[in-house]
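What follows is each chain in one-letter form.
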Amino acid sequence: METQEQVLSMPRIGDKAPDFKAITTQGEINFPKDYEGKWVILFSHPADFTPVCTSEFMTFASMQEEFEALNTQLVGLSVDGLYSHIAWLRTIKEKIEYKGMKNIEVTFPLIEDITMNVSKQYGMIQPGESSTKAVRAVFFIDPKGVIRTIIYYPLSLGRNFDELKRVLIGLQTADAYEVALPADWRPGDDVIVPPAGSCGVAKERMESTDGEQTCYDWFFCTRKLAKEKVDALRVK
Ligand code: BEZ
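Residues numbered from 1 in each chain as written. Predicted model: local features only at pLDDT ≥ 70, side-chain atom pairs only at ≥ 80, totals over all residues. Heavy atoms only, no water.

Things to note about the site of the ligand
Around the ligand, a shell composed of Pro46, Thr50, Pro51, Val52, Cys53, Arg136 and Leu155 is seen. Between the ligand and Thr50 there is a distance of 3.0 Å, counted from an oxygen atom to a side-chain nitrogen or oxygen. For the ligand, whose accessible area on its own is 270 Å², the fraction buried by protein is 77%. Broken down by element, the shell around the ligand gets its largest block of residues, three residues, from helix α2 (residues 51-62). In terms of residue class, the shell around the ligand is built from five nonpolar, one polar and one charged. (Near = heavy atom within 4 Å. Polar contact = N/O pair within 3.5 Å; in protein donor to acceptor, adjacent residues only side chain to side chain. Areas by Shrake-Rupley, 256 points an atom, 1.4 Å probe, with all protein chains shown as cover. Helix = DSSP H or I, 4+ residues; strand = E, 2+ residues; numbered from the N terminus. Nonpolar A, V, L, I, M, F, W, Y, C, P; charged D, E, K, R; others polar.)

Here you go:
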């Protein structure tokens, strides 16, 4: 029997991505094991053959190469069956032209989750919004299988893809250069250096004349990080 606990299970940032095996439009997958060494964006959508979801799928598919260049695999999910998924993706490719996108082929896996096993494991069923459809969840999972960011959108609002890409690049940049990133950070903007760990370092920072670094106060210092260094993280 379904328990309230199952429905409300919510993985958190820093947790290992829960394991599952699933049938997808690209065959069976063993998640997250099959994607070890890659970043993964696991995202849910409410239902096939719906307009917001269609606009999102077309956008995800048309950006797939950009995500691949960031060593990132897209994996979609909805609480629909495999044949519905196949029919919907065929319709998108054959019939839908939207905002200059046409003949769009979705080649990343779309999980069938008619049993809601995966969506419940990932907290994608949020009964206040819908108890039969997944909300628009986005899980950013790192190459070690750890959840690094989670974003939820309601049924009525399509995701901001510019922000999804910014989050991914931000996570990769923070890891590679051991920095944090300020509000609205974009590649090429200054980055935040780790907090001063001692009174001596705090003093040094405030007295520094290093032109690469700016301290607004002892606990809030930024440094330059060239856009080229962020772009260098791309795998192609
Ligand atoms: C949509 O994708 O258009 C949608 C799906 C479920 C509820 C409302 C809108």
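Some thoughts on the layout of surface pockets
Empty space within the largest pocket amounts to approximately 190 Å³. For the lining of the largest pocket, the per-class residue count stands at six nonpolar, two polar and seven charged. Approximately 150 Å³ is the volume attributed to the second largest pocket. Around the second largest pocket, the lining residues are Thr25, Gln26, Ile86, Leu89, Arg90, Lys93, Glu105 and Val106. In terms of residue class, the lining of the second largest pocket is built from three nonpolar, two polar and three charged. (1 Å grid on protein atoms, 1.4 Å probe; cavity = no way out; pocket = protein on both sides within 12 Å on 5 of 7 lines; lining within 4 Å. Points joined across faces, edges and corners; volume = space filled by probe spheres on them.)

So, a nonpolar patch on the surface
Together, Met206, Tyr216, Trp218, Phe219 and Phe220 make up an exposed nonpolar region whose accessible area comes to about 560 Å². Of note, Met206 is situated in helix α7 (residues 199-207). (Patch = residues over 30% accessible without salt bridge, like charges linked within 9 Å, V, L, I, M, F, W, Y side chains within 5 Å. Salt bridge = Lys/Arg side-chain N within 4 Å of Asp/Glu carboxyl O.)

A few points about the pattern of salt bridges
Taken as a whole and judged by the stated rule, the model has 12 salt bridges. Here Arg12 makes a salt bridge to Asp15, at a shortest N to O gap of 3.8 Å. Arg12 gets classed as exposed once you look at its relative accessible area, which sits at 58%. Residue Asp15 is classed as partly exposed on the basis of its relative accessible area of 25%. The partner of Asp231 in a salt bridge is Lys227, and the shortest N-O contact between them spans 2.9 Å. With Asp231 and Lys227 both in helix α8 (residues 227-231) and four residues apart, this pair spans about one turn of that helix. Here Asp231 falls in the partly exposed class, since its relative accessible area comes to 28%. Taking the relative accessible area as the measure of exposure, Lys227 reaches 42% and is therefore partly exposed. Each of Glu56, Arg136 and Arg159 takes part in a single network of salt bridges with overlapping partners. (Buried < 20%, exposed > 50% of the residue type's maximum accessible area, 1.4 Å probe, protein only.)

Read these as layout, nothing more, since geometry by itself doesn't imply function.
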